[in-house]
Amino acid sequence: MSGLIAIGAGIAVLVGIGAGIGIGIATGKAVEAIARQPEASGKIQTSLLLGAALAEATAIYGLIVAILIMVLVK
């Protein structure tokens, strides 16, 4: 049973990979947008930071779920 718990926790931590890829793509698109319209950089940066924070929050939720699986499920 402990093997299944480790597999479940590992899958929960994989959420971080998706968040990292998403933040990377969003950052690249924001840089392209700022390069095309420098006068809109303030609004673009604000939206980028909000989106990155939300994406990072999902990664943290995955980490918390993984820790809870390892600690509480026996």
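Now for a description of the structure that goes with this document. (Residues numbered from 1 in each chain as written. Predicted model: local features only at pLDDT ≥ 70, side-chain atom pairs only at ≥ 80, totals over all residues. Heavy atoms only, no water.)

## Things to note about the overall build of the protein chain
Selection rule: Elements are defined by DSSP. Helices are runs of H or I of four residues or more, strands are runs of E of two residues or more, and each kind is numbered from the N terminus. Our radius of gyration is a C-alpha quantity, and the globule rule it is checked against amounts to 2.2 Å times the number of residues to the power 0.38. For every residue, the accessible area obtained with a 1.4 Å probe (protein chains only) is divided by the maximum for its type, and the residue is called buried under 20%, exposed over 50%, and partly exposed between those limits. Contacts between residues were defined by any pair of non-hydrogen atoms, one from each residue, lying within 4.5 Å. Using a 1.4 Å probe, the Shrake-Rupley method yields the accessible areas, and only the shown protein chains count as cover for residues.
The number of helices and strands found in the protein chain is 3 helices and 0 strands. Shown N-terminal to C-terminal, the secondary structure of the protein chain runs as helices and strands in the order α-α-α. Relative to its length of 74 residues, the protein chain is extended, with a C-alpha radius of gyration of 17 Å against a globular reference of 11 Å. By its C-alpha atoms, the protein chain is 55 × 15 × 5 Å across when sized along the principal axes. Counting over 74 residues, the protein chain shows a buried share of 15%. The long-range share in the protein chain, meaning contacts at least 24 apart out of those at least 6 apart in sequence, stands at 72%. Carbon and sulfur atoms make up 75% of the accessible area of the protein chain, which totals about 5,300 Å².

## Re the packing of helix α1 (residues 2–13) against helix α2 (residues 15–36)
The test is simple: In this analysis, axes come from line fits to C-alpha atoms, helices being fitted only over the stretch in contact, and the angle between any two N-to-C directions falls in the range 0 to 180 degrees. Comment on the angle field: the value is read as roughly parallel under 35 degrees, roughly antiparallel over 145, roughly perpendicular from 65 to 115, and oblique elsewhere.
Packing of α1 against α2 leaves a shortest axis separation of 4 Å and a crossing angle of 10°. The orientation of α1 with respect to α2, classified from their angle, is roughly parallel. Contact residues: Ile 11, Ala 12 and Val 13 in α1; Val 15, Gly 16 and Ile 17 in α2.

Nothing here speaks to function; it is geometry throughout.
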